[in-house]
Amino acid sequence: DAGVIQSPRHEVTEMGQEVTLRCKPISGHNSLFWYRQTMMRGLELLIYFNNNVPIDDSGMPEDRFSAKMPNASFSTLKIQPSEPRDSAVYFCASSLTSGSGADTQYFGPGTRLTVL
Amino acid sequence: AQSVSQHNHHVILSEAASLELGCNYSYGGTVNLFWYVQYPGQHLQLLLKYFSGDPLVKGIKGFEAEFIKSKFSFNLRKPSVQWSDTAEYFCAVNAGRGNNRLAFGKGNQVVVIP
């Protein structure tokens, strides 16, 4: 198995620029999650999709953040415009949801974003 | 919303010592509980999880955790650590059936000295 694939692995950009992070979930998984990890706040769920439909986006910090899942094998997280406080590691995870809530989430390697 | 507390963010111990990491959550209903681990340079991966049945859960690499409902706790233990257990450990909880939203603790950075 290839696992969850994220790109790019590192991104350095300047304040005000648009940033797009990409994720390919494990084939056959039907749920996809975007997390952000910072020293201050730890690992926070931003949004999750089930069968390509956004289910819970209450963690998305503000309108500058948007996420899409056009098909079962691809998702993007976009920040426009980016700000220095967006600097963090962004993780994507996927799972095969059974409805029990006890499903294991499989994480990608993360994208380390630095906004100057 | 659920919250998860992990104390003693940095833990340093010698090989063969015993390890216990505390995890407390704030949610009164049915919960599913997880411990994830991130080894240096690797992805977050599942160590063990509890969703029903025996409250003592065995995981990979000799780890175990005990769910104590009355204490809202899910502490992780390993009787004798190895250098390869150096990693960051995260406790996570979701609010039971049908809820996929995981709340994570801030993690414990564990360093095992050979």
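Everything below is about the structure shown above.
In this report, the structure presented in the accompanying data block is examined. The residue numbering used here restarts from 1 in each chain and proceeds along that chain's sequence as written. Working convention: letters from A go to chains and numbers from 1 go to ligands, in the order in which they are written. In keeping with the model being predicted, local features are shown solely for residues with a pLDDT of at least 70 and side-chain atom pairs are shown and tallied solely at 80 or more, while totals for entire chains, interfaces and linings include all residues. Each side-chain value is derived from all of the structure's non-hydrogen atoms; neither hydrogens nor water enter the calculation.

Residue contacts are defined here by distance: any two heavy atoms, one from each residue, within 4.5 Å place the two residues in contact. Between chain A and chain B, the contact holds 25 residues from the first and 20 residues from the second. Between chain A and chain B, the buried area comes to about 1900 Å², and carbon and sulfur atoms account for 50% of it. When the area that chain A buries against chain B is broken down by residue, the three leading residues are Leu43(A), Ala102(A) and Phe107(A), summing to 26%. In the sections that follow, a salt bridge refers to a side-chain nitrogen of Lys or Arg positioned within 4 Å of a carboxyl oxygen of Asp or Glu. Counting every contact that joins chain A to chain B gives one salt bridge. Here a polar contact is recorded for every N or O atom pair within 3.5 Å, except that within protein the pair must consist of a potential hydrogen donor and a potential acceptor, and residues adjacent in sequence are included only if both atoms are side-chain atoms. Between chain A and chain B we count seven residue pairs in polar contact (both at pLDDT 80 or more) in total. Where the side of chain A that touches chain B is concerned, the elements lending two or more residues are strand 4 (31-38) and strand 5 (42-50) of chain A. Here the residues of the side of chain A that touches chain B are counted per class, giving 10 nonpolar, 12 polar and three charged. Buried surface area refers to the total accessible area, computed with a probe of radius 1.4 Å, that the two partners give up upon joining, counted for both partners together. Counting from the N terminus, the helices are the DSSP runs of H or I reaching at least four residues and the strands are the DSSP runs of E reaching at least two. Throughout, the ten residues Ala, Val, Leu, Ile, Met, Phe, Trp, Tyr, Cys and Pro are labelled nonpolar, Asp, Glu, Lys and Arg are labelled charged, and all others, Gly among them, are labelled polar.

As a further point, take the sheet that holds strand 1 (residues 5-7) of chain A. All names here are of chain A. Each pair of strands is called paired provided DSSP finds at least two bridges between the two strands. Spatial ordering of the open sheet is given by 1-3-8-7, a layout of four strands whose pairing is antiparallel. Each edge of the open sheet is held by one strand with a lone partner, namely strand 1 and strand 7 (65-71). Between one strand axis and the next, the sheet turns through 15 degrees on average, direction left out of account. Pairing analysis gives five bridges linking strand 3 (residues 19-24) to strand 8 (residues 74-79), with the strands arranged antiparallel. For threonine 20, the partnering residue across the bridge sits in strand 8 and is lysine 78. Lines fitted to C-alpha atoms define the axes, with helix axes restricted to the stretch in contact, and inter-axis angles between N-to-C directions lie between 0 and 180 degrees.

Okay, the packing of aromatic side chains next. When two rings of Phe, Tyr or Trp (its six-membered ring) have centres within 6.5 Å they constitute a pair, described as stacked for plane angles under 30 degrees, edge-to-face for angles over 60, and tilted for the intermediate range. Under the criterion given, the structure shown has 14 aromatic pairs over all chains. On the basis of an interplanar angle of 80 degrees and a centroid distance of 6.4 Å, the ring pair of Phe91(A) and Phe107(A) is categorised as edge-to-face. A residue pair is termed long-range when its members are at least 10 positions apart, and Phe91(A) in strand 9 (residues 88-95) and Phe107(A) in strand 10 (residues 106-107) qualify at 16 residues. Classification of Phe91(A) as buried rests on a relative accessible area of 2%. For Phe107(A), a relative accessible area of 4% corresponds to the buried category. Connected via pairs of aromatic rings, a cluster forms that spans Phe33(A), Tyr35(A), Tyr48(A), Phe91(A), Phe107(A), Phe34(B), Tyr36(B), Phe90(B) and Phe104(B). When a residue's accessible area, from a 1.4 Å probe over protein chains only, is under 20% of the maximum for its type it is buried; when over 50% it is exposed; and in between it is partly exposed.

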